[in-house]
Amino acid sequence: MGLLIFSVALVAIVAVIIINSYNDLVKYRNRYKNAYSQIDVQLQRRYDLIPNLVETAKGYMKHERETLEAVIAARNSAINASSRAAKNPGDPQAMQQLGNAEGALTGALSRLMVLSESYPELKADRAMTQVMEELSSTENRIAFARQAFNDAVTLYNTKSESFPSNLVANTFNFTVAELLPEATPEMRNAPRVSF
């Protein structure tokens, strides 16, 4: 009789551990997906600001068509990468593509900002100043959202790789999530222009 009670208690303890591990994995996965949605909101804001920036600059920079087109092309590429990443946050390939596309966009914006220094009328334009301030604010928000996402992914990955949760994670196909890649040198030096 004592052996039966011991066996039932042991099975109950194991069941509680499995259920708690599973629920924790679901909770942490949902946290990093929510954290990614915050990045997505800020990236969309950034993407929406870029056409305003290009339109404002276009009037002054008539001879810099290549640069303006490169910014729009990089923006479109980043939008596509962001859409793929939003469908499956944490997917290694999607996160890498998003990081690469964002790096290219930041590089194109940096080139545009450097060129805009050659146009005093553009630097003095009120619309350009306002768009640049909004873009700078958005860049900061993206950095904070990226950090929150990476923190949530790290917490999830730690839980999914720790014993005994790793047994539950492997059994129920909780895959390791990918961090949003570390900022490239271009992304670390976000476009800064003083007007």
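No experiment lies behind these values; they were computed from the predicted model shown.

## Observations concerning unusual backbone geometry
Omega for the peptide link from Phe163 to Pro164 comes to 0°, which places this bond in the cis form. Checked against the element boundaries, Pro164 lands in the loop between α5 (126-161) and α6 (165-171). With a phi angle near 55°, Asn173 is a residue other than glycine that sits in the positive phi range. Counting through the fold element by element, Asn173 comes out in the loop between α6 and α7 (185-188).

## As for the UniProt feature "transmembrane region" (unreviewed entry) in the protein
Residues given the UniProt feature "transmembrane region" (unreviewed entry) here are residues 6-23. The annotated region residues 6-23 carries 100% helix and 0% strand content, and the separation between its end C-alpha atoms amounts to 26 Å.

## What to know about the side chain of Glu139
For Glu139, the position within the fold is in helix α5. Among all residues touching Glu139, those that are not within four sequence positions of it are Arg46 and Leu109.

## Remarks on the environment of Ile142
With respect to the element layout, Ile142 can be found in helix α5. Looking at Ile142, the relative accessible area reads 3%, which means it is buried. As for Ile142 and Ile39, which are separated by 103 residues in sequence, their C-alpha atoms are 5.9 Å apart. In this structure Ile142 touches Gln42, Leu43 and Arg46, once residues within four positions along its chain are discounted.

## Comments concerning the packing of aromatic side chains
Evaluated as defined, the whole model comprises five aromatic pairs. Between Tyr22 and Phe174 the ring centres are 5.4 Å apart and the planes differ by 80°, which places this aromatic pair in the edge-to-face class. Here Phe174 lies in the loop between α6 and α7 and Tyr22 lies in helix α1 (residues 2-60), a separation of 152 residues in the sequence. Overall, the relative accessible area of 32% leaves Tyr22 in the partly exposed class. In this structure Phe174 comes out as buried when scored by relative accessible area, which is 6%. Where Tyr36 meets Phe149, the ring centres are 5.6 Å apart and the plane angle is 75°; that geometry is what we call edge-to-face. Here Tyr36 is found in helix α1, whereas its partner Phe149 is found in helix α5, with 113 residues between them in sequence. The exposure classification of Tyr36 matches that of Phe149, with both residues buried. Three or more aromatic residues joined by ring pairs make a cluster, and in this case those are Tyr32, Tyr36, Phe149 and Tyr156.

The rules behind these values
Residues numbered from 1 in each chain as written. Predicted model: local features only at pLDDT ≥ 70, side-chain atom pairs only at ≥ 80, totals over all residues. Heavy atoms only, no water. Helix = DSSP H or I, 4+ residues; strand = E, 2+ residues; numbered from the N terminus. UniProt positions renumbered as here; feature names shortened; annotations may be inferred. Contact = heavy atoms within 4.5 Å. Buried < 20%, exposed > 50% of the residue type's maximum accessible area, 1.4 Å probe, protein only. Phe/Tyr/Trp six-rings, centres within 6.5 Å; stacked < 30°, edge-to-face > 60°.

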